[in-house]
Amino acid sequence: MSTEAKRAPVQKRKEKPASSDGQENVPPTDDGNGPTTEKDPEMGTVIEKESAPANIAGTTPELRRELLHSMLLQRRFEERCAEAYALGKIGGFCHLYIGQEAISTGVMSMIRPDDYVITAYRDHAQALARGVSPRAIMAELFGRDTGCSGGKGGSMHIFDAHTNFLGGHGIVGSHVPIAAGVGFAIKYRRGNQVCVCFFGEAAVNIGAFHEALNMASLWDLPVIFIMENNRYGMGTAISRSTANEDAIVRAKGYRMEGETVDGQDVFAVRECMARAIERARKEKRPTLIEMKTYRYMGHSMSDAVSGTYRTKDELEENMKRDPILLLHNKMFEAGELTEGEMHKLDDEAKAIAQDAWDYADSSPEPALEKLYTDVYTDTTS
Ligand SMILES: Cc1ncc(C[n+]2csc(CCOP(=O)(O)OP(=O)(O)O)c2C)c(N)n1
Ligand SMILES: [Mg+2]
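These numbers were taken from a predicted model, which means no experiment stands behind them. (Residues numbered from 1 in each chain as written. Chains lettered and ligands numbered in written order. Predicted model: local features only at pLDDT ≥ 70, side-chain atom pairs only at ≥ 80, totals over all residues. Heavy atoms only, no water.)

**Student:** Outline helix α10 (residues 312–319), supporting the account with residue identities and numerical values.
**Tutor:** Along α10, the positions that sit buried rather than exposed are Leu 315, Asn 318 and Met 319. The buried residues of α10 occupy one face: seen down the axis, they fall within an arc of 100°. (Buried < 20%, exposed > 50% of the residue type's maximum accessible area, 1.4 Å probe, protein only. Helix = DSSP H or I, 4+ residues; strand = E, 2+ residues; numbered from the N terminus. Arc of directions from axis to C-beta.)

**Student:** Give me the lowdown on the nonpolar core, citing residues and values where you can.
**Tutor:** Soluble, globular proteins show a tendency: their nonpolar side chains are buried together. One finds Leu 68, Val 107, Val 196, Ile 224, Ile 226, Met 273 and Met 291 to be the most contacted residues of the largest nonpolar core, which totals 71 residues. Residues Tyr 116, Ile 186, Phe 199 and Leu 213 belong to the second largest nonpolar core, which totals 26 residues. (Core = buried A, V, L, I, M, F, W, Y, C linked by side-chain atoms within 4.5 Å.)

**Student:** Give me the site of ligand 1: which residues, what numbers.
**Tutor:** Residues in contact with ligand 1 amount to 14 residues; listed here are only the nearest, Tyr 121, Arg 122, Glu 201, Asn 230 and Tyr 232. Within the side chain of Tyr 121, an N or O atom sits 2.6 Å from an oxygen atom of ligand 1. Protein burial of ligand 1: of its 590 Å² of free accessible surface, 71% is covered by the chains. Split into classes, the residues belonging to the shell around ligand 1 amount to seven nonpolar, five polar and two charged. (Near = heavy atom within 4 Å. Polar contact = N/O pair within 3.5 Å; in protein donor to acceptor, adjacent residues only side chain to side chain. Areas by Shrake-Rupley, 256 points an atom, 1.4 Å probe, with all protein chains shown as cover. Nonpolar A, V, L, I, M, F, W, Y, C, P; charged D, E, K, R; others polar.)

**Student:** Explain the packing of aromatic side chains to me, and be specific about the residues and the numbers.
**Tutor:** Applying the stated criterion across every chain, the model contains five aromatic pairs. Summarising the aromatic geometry, the rings of Tyr 232 and Tyr 309 are spaced 5.2 Å apart at their centres and angled 55° between planes, so their arrangement reads as tilted. Of this pair, Tyr 232 sits in strand β6 (residues 232–233) while Tyr 309 sits in the loop between β9 (287–292) and α10, and the two are 77 residues apart along the sequence. Given a relative accessible area of 9%, Tyr 232 falls into the buried group. Each member of the aromatic cluster is reached from another via a ring pair, and the members are Phe 184, Tyr 188 and Trp 219. The ring of Trp 357 has Arg 80 sitting right over it, with the charged end atom 4.5 Å from the ring centre. (Phe/Tyr/Trp six-rings, centres within 6.5 Å; stacked < 30°, edge-to-face > 60°. Lys NZ or Arg CZ within 6 Å of the ring centre and 35° of its normal.)

**Student:** Explain helix α11 (residues 323–333) residue by residue, including any values.
**Tutor:** For α11, the buried fraction is high: nine of the eleven residues fall into the buried class. Among all positions of α11, only Pro 323, Ile 324, Leu 325, Leu 326, Leu 327, His 328, Asn 329, Lys 330 and Met 331 are buried. Taken together, the buried residues of α11 touch α1 (61–86), α2 (101–108), α9 (266–283) and α12 (339–362). Two or three places before Ile 324, at the opening of α11, Asp 322 has a side-chain oxygen 2.7 Å from that residue's backbone nitrogen. Taken from the residues just after α11, Gly 335 is the one with a positive phi, measuring 75°. (Contact = heavy atoms within 4.5 Å.)

Nothing here speaks to function; it is all geometry.
So, in C-alpha cells, the structure goes:
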C-alpha cells in the first residue's frame, strides 16, 4: 500500500530526536491556542489545566510537536521495516502498526519512565514510542547481536529493561495475565507505578483475558488494559468472531471501569489515559479501555493490504482519518506548524530510520554459542 502519501512522526523519546518531511492537508479544527500546562510530579507528564479546545486539552505547542514527531518516526520506521522485509533482511513474522500510532503515542506520553508496558506482537512502534532505541529495535528485526533481545527474539519479541518494556508476545492474549502479575508486584512492593497492557480486540475472546481481568479487579491491581480495536483479527472481522461486538461491556463483567475512545485522536487517547492513570495510582483500580482504530497494512507482511477480507474502499475511507494527518491538521489550523516545518520533522524521522537501518545492517549476527544463553535464568540469590 502506499502509506508514502500519509506519514507522520512519533513522540518524544528521551534519548534521541529525529526529523522528517512530507505532508498533506488540513481540515477545520479548533484553534489550539494558549493552553496552560503544568508538570504534575505524580504523573510525570504534562496534563490538563488549560483553556484550549477540548481535543487538544492539556498540551502545549511544544508537546504537540513532540507527539507529531513521535508518530512520524513510528510511521517512517515501519515503512522501512516493510522494505527490509521485502529484501529478506527481516525474517520470520512481521506485523506493522501503521495507522494506529495515535494510541502508542498518546499512551506513552502520559505514563512515567518507571511504569511498565507489555504488549502483543505488533510491537515495534509501541517500543519506539516508549523510547526504546530505534537502532536496537531495527537490529533485533534484522536478527543481529546488537538487537534489544540479542537478535534472538525478532519482530514479535522486542524487550527493553531500561524502559520497562516487557515485550513483545506472540501468543494472542498470553501476556494479559502477565500484566496482572506485574500489577500485583507493584502493589506487593507498595509502589505507585501502573502497568499498561496492549492487545487486539480478538484477544478478548481468549480465556486468559478473562482470568486476568477478574484477578486485576478482585485484587485491586493498577493495570490499564488497552484493547486496540482495529476491527480484524488476522482476516476475521470482529462481527464474525465476537458474540457481542460492543467489546467494552466486558469491563462490567469484572466490576471494572470501561471506556471507549477514538484511537485516531491522540488527544482523546491522552485524556482517557489521564483518567485511567489517576484511578490506577490513587485508587489502585484497573481500567479497560477500548481504543477504536484501523490498521492500514495487512495483518502481517504475508497478508494482502485489501481485496480479500476487506475492500479497497473501506481501507481508503479509514485512511482519511490518519492519526498523523489529524494531528497535523489541528496544528496547521492553529497556526503552529508550517508545511516547511512538517517536512523538516518528516526528514528527521526518515533520517533516524535510515540510521537504524545502517546500524542494523552493519551489526554482526549473534555468535553460535549464544544459542545456549538466555534459555534459563539463575533465580538463586
Ligand atoms: C492463542 C493464539 N491463537 C491464534 C493465534 C494466531 N493469531 C495471530 S494474530 C491473530 C489475530 C489477533 O488479532 P487481534 O487480537 O485483534 O490483534 P491485531 O492483530 O489486530 O493487532 C491470531 C488469531 C495466536 N497467535 N495465538
Ligand atoms: Mg485486531
